[in-house]
Number of protein chains: 2
Amino acid sequence: MSKQRPMSWLSTGADKPPRERLSVPTIVEAAYAVLDRDGFDKLSMRAVAAELGVAVSSLYAHVANKDALMHQMWVRSFLDSYIPEPTEDREEWTERLRLWARSTRAGLRSHRDLARVSMGQTPFSDESLPLLERTMAFFRSGGLPEELVMGAGDFMSTFIEGFVYEEQVWEERMNSVSPSERQAMVDEVREYFERLDPELYPNMSRLGPVVMRNMLNDDRFDRAIEIFIQGLLAQANRG
Amino acid sequence: MSKQRPMSWLSTGADKPPRERLSVPTIVEAAYAVLDRDGFDKLSMRAVAAELGVAVSSLYAHVANKDALMHQMWVRSFLDSYIPEPTEDREEWTERLRLWARSTRAGLRSHRDLARVSMGQTPFSDESLPLLERTMAFFRSGGLPEELVMGAGDFMSTFIEGFVYEEQVWEERMNSVSPSERQAMVDEVREYFERLDPELYPNMSRLGPVVMRNMLNDDRFDRAIEIFIQGLLAQANRG
DNA sequence: GTGAGCTACGAACACTGTTCTACACCCGAA
DNA sequence: TTCGGGTGTAGAACAGTGTTCGTAGCTCAC
């Protein structure tokens, strides 16, 4: 009678399916489900386990710790990102660079708070290496000076990550209040600028409308990327 | 000695000084002490309270919550940052811009993990407004198109924050191991690149030495800022 | 068929941020 | 000088976190 189990109709709790085995991909998927539904602050090992209907400690058989899990999440988000083919044509190159920047941002925005997960992750891992290689190949084809080939991608990535990070923190703040309060928040910012003493703060008060327009993040982003591109081209022409 | 206290030799535990009253600045100072000594991960309300020899709950009479405390830390770090005077001279302006960027980075690096504290903080608060005003005044004097005056400072700030954030995450990782292991980590990176199959990863393996050189963050930073400046100048000349 | 090695589990530990209630103190009014 | 009253402090408690442990059961190779 070593393993005699209790008769099924006496089974406590919900009748469980044959218990599918866990795996890293399933766990990562569940983690994304939690992230998208509840946000970064609620992303806990217990929540991920609950998502799978599994005990917390079971996760640790597949993933060393929470940081490792987040690294896996980052890797996965990285895997299907767009990387342009190299081209010698300068004009085409800048156009593809623009595209790359936009889609990198889009990738980070494909999951709620993803930037907070990916921020500060080590870029060199076996999974990401092929992608880095292709990225470098593209950047090299633009005819930049050697030190800038890696630098350019690096800088732009840092900027994009930082940009989306702040963007998403801001969106979380908006999401945490009701839609009616949301409009109130926007109005508050506007009034804040309108109430500024133009004597004391000539520049800030003059810039009020610009700030409001700048809250459209797409334009802000594009403008920043344009500055980057101009700067890169200036260096390329010189070298 | 207006008021009678228990005779000192009967005092329980460590003889405490007359119990000085708490205040926001003292708390912030203690928080910085914890941050510098133990790093961001160990920065807890309890640690701050312990630093002051005070109960945790006492902090909440002066500070709404941990986020509010971190906001105060950020404000304080922001207060004594360098902001250049406006100038119409284009060459002088770019030189001061360089200086501003470097000292902004230096400010963020003035405390361990400070970038992680400041990341995602709302930039508009009564304490920071005068500084923003002066910053805008400087950026405006460079003769940039109107939409870029605020954008330029904004973009560069996000970049610098992101840069220092990653930089400090890296440094924390280095600090968490012994000095002997530290060299091992550097060697590991070098070997990682040396072992790369040049057939499979021509760009990455060729860039190995560049990566190593790039680990000197000061140069990396300066190069990035130079790109920014070139880009801004290009836009300024055009507008 | 049987044993060995996975792997899931529940409980526990040492933390975290935050709140509550009660107590001690200081200050100003009487 | 006496007496409250309000403020700031303290301790305990709550709900939550990441992580580890020993145990029990399952699966697979032999």
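Cut-off values and rules
- Residues numbered from 1 in each chain as written.
- Chains lettered and ligands numbered in written order.
- Predicted model: local features only at pLDDT ≥ 70, side-chain atom pairs only at ≥ 80, totals over all residues.
- Heavy atoms only, no water.
- Contact = heavy atoms within 4.5 Å.
- Buried area = accessible area lost by both parts, 1.4 Å probe.
- Salt bridge = Lys/Arg side-chain N within 4 Å of Asp/Glu carboxyl O.
- Helix = DSSP H or I, 4+ residues; strand = E, 2+ residues; numbered from the N terminus.
- Near = heavy atom within 4 Å.
- Polar contact = N/O pair within 3.5 Å; in protein donor to acceptor, adjacent residues only side chain to side chain.
- Nonpolar A, V, L, I, M, F, W, Y, C, P; charged D, E, K, R; others polar.
- Least-squares fit on C-alpha atoms with pLDDT ≥ 70 in both.
- Expected span 1.5 Å × (residues − 1).
- Buried < 20%, exposed > 50% of the residue type's maximum accessible area, 1.4 Å probe, protein only.

**Here we look at the interface of chain B and chain A**
On the side of chain A, 54 residues touch chain B, which itself brings 55 residues to the contact. Contact between chain B and chain A buries roughly 5,200 Å² in total, counting both sides, with carbon and sulfur atoms accounting for 66%. When residues of chain B are sorted by the area they lose upon contact with chain A, Glu133, Phe155 and Ile227 of chain B head the list and together hold 13% of the total. At the surface where chain B touches chain A, the tally comes to 2 salt bridges. Between Asp154 of chain A and Arg220 of chain B there is a salt bridge, and its shortest N-O distance comes to 2.8 Å. In terms of residues, the side of chain B that touches chain A owes the most to one element, helix H8 (residues 146-175) of chain B, which gives 16 residues.

**Here's the deal with the protein's contact with DNA strand C**
What surrounds DNA strand C is a group of 20 residues, the closest being Ser57, Ser58 and His62 of chain A together with Arg46 and Lys66 of chain B. Taking all atoms of DNA strand C within 4 Å of the protein, the share assigned to sugar and phosphate is 55%. At 2.8 Å, a backbone N or O of Ala55 of chain A approaches a phosphate oxygen of DNA strand C. Here a phosphate oxygen of DNA strand C and a backbone polar atom of Met45 of chain B are 3.0 Å apart. Residue composition of the surface near DNA strand C, by class: 7 nonpolar, 6 polar and 7 charged.

**Here's the deal with the relation of the copies chain B and chain A**
Overlaying chain B with chain A gives an RMSD of 0.0 Å, the required rotation being 180° about an axis along which the chain moves by 0.0 Å. Taken together, the rotation and translation relating the two chain copies correspond to the operation of a two-fold axis. For chain B, the minimum C-alpha distance to the rotation axis belongs to Gly231 of chain B and amounts to 1.8 Å. A share of 98% of the interface residues of chain B reappears at the interface of chain A, consistent with the copies meeting face to face through the same patch.

**Quick notes on helix H1 (residues 24-38) of chain B**
Residues and elements named next belong to chain B. Taking 1.5 Å per residue as the helical rise, H1 with its 15 residues ought to reach 21 Å, and the 21 Å between its terminal C-alpha atoms agrees with that figure. The set of residues buried in H1 consists of Ile27, Val28, Ala30, Ala31, Tyr32, Val34 and Leu35. Buried residues along H1 sit against helix H2 (45-52), helix H3 (56-59), helix H4 (66-79) and helix H6 (114-118). A positive phi of about 90° marks Gly39, the residue just after H1.

**Regarding the protein's contact with DNA strand D**
Around DNA strand D, a shell composed of 20 residues is seen, among which Arg46 and Lys66 of chain A together with Leu22, Ser57 and His62 of chain B lie nearest. Each atom of DNA strand D within 4 Å of the protein belongs either to a base or to sugar and phosphate, the latter forming 53%. In this structure, a phosphate oxygen belonging to DNA strand D sits 3.0 Å away from a side-chain N or O atom of Tyr60 of chain A. In this structure, a phosphate oxygen belonging to DNA strand D sits 2.9 Å away from a main-chain N or O atom of Ala55 of chain B. Looking at side-chain class alone, the surface near DNA strand D contains 8 nonpolar, 6 polar and 6 charged residues.

All quantities given are derived from atomic positions and should not be read as evidence of function.
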